[in-house]
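Structure assessment
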Amino acid sequence: MSNFFSGILRFKRGPWEMLATILIGLGVFMLMQPFALWLYTYSFIVTLVGTVMFIIVSHFKE
């Protein structure tokens with residue numbers, strides 16, 4: 001298990017922040033779209049995951 005965490009922490013902040021930002025944007029898009037109810041249903045979860053991920057990733061080294 002220690003190897004798993006050291007592998008994750010080896011990544012730089014940039015790509016992880018970009019992924020978290022994309023998740024937040026996707027969640028907001030899912031919230032505002034008028035086409036599919038299932039997208040609206042999961043929009044809060046996607047936005048929440050992106051926000052928590054951004055908070056965690058902001059502690060990674062540059």
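In case you missed it, the structure is sitting above this.
Residues numbered from 1 in each chain as written. Predicted model: local features only at pLDDT ≥ 70, side-chain atom pairs only at ≥ 80, totals over all residues. Heavy atoms only, no water.

**Topic: the side chain of Gln33**
Note on placement: Gln33 falls in the loop between helix 2 (13-32) and helix 3 (37-57). The exposure class of Gln33 is buried, given its relative accessible area of 7%. In this structure the side chain of Gln33 is engaged in a polar contact, spanning 3.5 Å, whose partner is the backbone oxygen of Met30. In this structure the side chain of Gln33 is engaged in a polar contact, spanning 2.7 Å, whose partner is the backbone oxygen of Ala36. If we skip the residues at most four places from it in the chain, Gln33 touches Leu39 and Tyr40. (Helix = DSSP H or I, 4+ residues; strand = E, 2+ residues; numbered from the N terminus. Buried < 20%, exposed > 50% of the residue type's maximum accessible area, 1.4 Å probe, protein only. Polar contact = N/O pair within 3.5 Å; in protein donor to acceptor, adjacent residues only side chain to side chain. Contact = heavy atoms within 4.5 Å.)

**Observations concerning the environment of Glu17**
Locating Glu17 in the fold gives a position in helix 2. Taking the C-alpha atoms as reference points, Glu17 and Met53, separated by 36 residues in sequence, lie 8.1 Å from one another. When residues no more than four places from it in sequence are discounted, the contact partners of Glu17 are Phe54, Val57 and Ser58.

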